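Close look at the chain arrangement
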Amino acid sequence: MPIDHVQIVSIPVSDQDRARDFYVNALDWELVSDNDSGDRRWVEVAPRHGQTAFTLVTWFETMPAGSLRGIVLDTDDIEKTFEELSERGIIFDGPIEEGPFSRVTSFSDPDGNTFVLHQLYQPRTRVLSYPPAGS
């Protein structure tokens, strides 16, 4: 029973409408679903052409709005993405930094959930098995 990808990550928000507008308008993500036909409103957004979607949640007591940290968003052109997102009102925590394996910067959504914008220097190679053969 292999797991092949992350389908949905929950982002804790205080206001689903404000959060939806941020992710759809400022980040230019797709609105996958906005369904209020049950006891909870389900608002789901996703980066265009991405595999993982995000649901904007208000109902997890152990996940207060703004408590999500460290979601890494990949880009092939960090300067262009930085510029486009800045023009849409995203305020970055600082300039693009050079790291040992990638270039990074970070920003927050209106609730304070933080994201890392990331561009690798070289494509990532996958470990084919673990533990390594002969261990």
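Below is a summary of the structure that appears in this document. Remember, it's a predicted structure, so these values are computed and weren't measured experimentally. (Residues numbered from 1 in each chain as written. Predicted model: local features only at pLDDT ≥ 70, side-chain atom pairs only at ≥ 80, totals over all residues. Heavy atoms only, no water.)

Another aspect to go through is the sheet that holds strand β5 (residues 71-74). If you trace the four strands from one edge of the open sheet to the other, you get β5-β8-β7-β6, paired in mixed fashion. The open sheet terminates on both sides in strands that have one partner only, identified here as β5 and β6 (97-98). With four bridges connecting them, β5 and strand β8 (residues 114-120) associate as parallel partners. Paired with L73 across the two strands is L117, which belongs to β8. (Pairing = 2+ DSSP bridges. Helix = DSSP H or I, 4+ residues; strand = E, 2+ residues; numbered from the N terminus.)

What follows concerns the side chain of R41. Within the fold, R41 resides in the loop between β2 (30-35) and β3 (42-46). Of note is the side chain of R41, whose polar atom sits 2.7 Å from the side chain of D17. Looking at R41, its side chain comes within polar contact range of the side chain of D34, at 2.9 Å. If we skip the residues at most four places from it in the chain, R41 touches Q16, D17, R20, D34, N35, D36 and W59. (Polar contact = N/O pair within 3.5 Å; in protein donor to acceptor, adjacent residues only side chain to side chain. Contact = heavy atoms within 4.5 Å.)

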